[in-house]
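Okay, here's what each chain looks like letter by letter:
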Amino acid sequence: QVQLVESGGGLVQAGGSLRLSCAASGIFVSINTMGWYRQALGKQRELVARISSGGTAIPAASVKGRFTISRDTAKNTVYLQMDSLQPEDTAVYYCNSQPPVPNYWGQGTQVTVSS
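Keep in mind the model is a prediction, meaning the values are calculated, not measured. (Residues numbered from 1 in each chain as written. Predicted model: local features only at pLDDT ≥ 70, side-chain atom pairs only at ≥ 80, totals over all residues. Heavy atoms only, no water.)

(A) Broad picture of the overall build of the chain. Each helix and strand counted, the chain has zero helices and ten strands in total. Mapped from its N terminus to its C terminus, the chain presents α and β elements in the order β-β-β-β-β-β-β-β-β-β. Here the C-alpha atoms of the chain give a radius of gyration of 13 Å, agreeing with the 13 Å that 2.2 N^0.38 yields for 115 residues. In the chain, which comprises 115 residues, the proportion classed as buried is 39%. Summed over its atoms, the accessible surface of the chain is roughly 6,100 Å², and 48% of this surface lies on carbon and sulfur atoms. In the chain, 9 positive and 6 negative side-chain charges are present, and the distance between their average locations comes to 5 Å. (Helix = DSSP H or I, 4+ residues; strand = E, 2+ residues; numbered from the N terminus. Rg over C-alpha atoms; globule rule 2.2 N^0.38 Å. Buried < 20%, exposed > 50% of the residue type's maximum accessible area, 1.4 Å probe, protein only. Areas by Shrake-Rupley, 256 points an atom, 1.4 Å probe, with all protein chains shown as cover. Lys, Arg positive; Asp, Glu negative; His and termini not counted. Charge placed at Lys NZ, Arg CZ, Asp CG, Glu CD.)

(B) Expanded view of the nonpolar core. Leu4, Trp36, Phe67, Val78, Leu80, Met82 and Tyr93 are the most contacted members of the largest nonpolar core, which has 27 residues in total. Breaking this core down by element, the ones donating at least two residues are strand 3 (18–25), strand 4 (34–39), strand 5 (46–51), strand 7 (67–72), strand 8 (77–82), strand 9 (91–97) and strand 10 (109–114). With near-sequence residues (within four places) excluded, leucine 80 lies in contact with Leu18, Arg19, Leu20, Trp36, Val48, Ala49, Phe67, Thr68, Ile69 and Tyr93. (Core = buried A, V, L, I, M, F, W, Y, C linked by side-chain atoms within 4.5 Å. Contact = heavy atoms within 4.5 Å.)

This is the structure we're talking about:
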């Protein structure tokens, strides 16, 4: 059974930083492409960044230069370092494989950026 547990969200002022964590069980981040996704209120869920099984990190154009995805294969955990946060980054953030598997969605972690 796959379980993905996101943590690290919170309230931050514009320009601030947060680091999100996704602890995985039942799936190995070292051999799967993993992604961070977000869903803002009233909007569709979107892919923010992905990291390939080989470790190549690819951010979405909207966050390039501000967000960095990484992983620790020993801890089986995926991270999202978010810098220069803006109010439009406010959303619930989730991790999943990429492409996502419906049964893998967790509760997510709320990120709120105040102006």
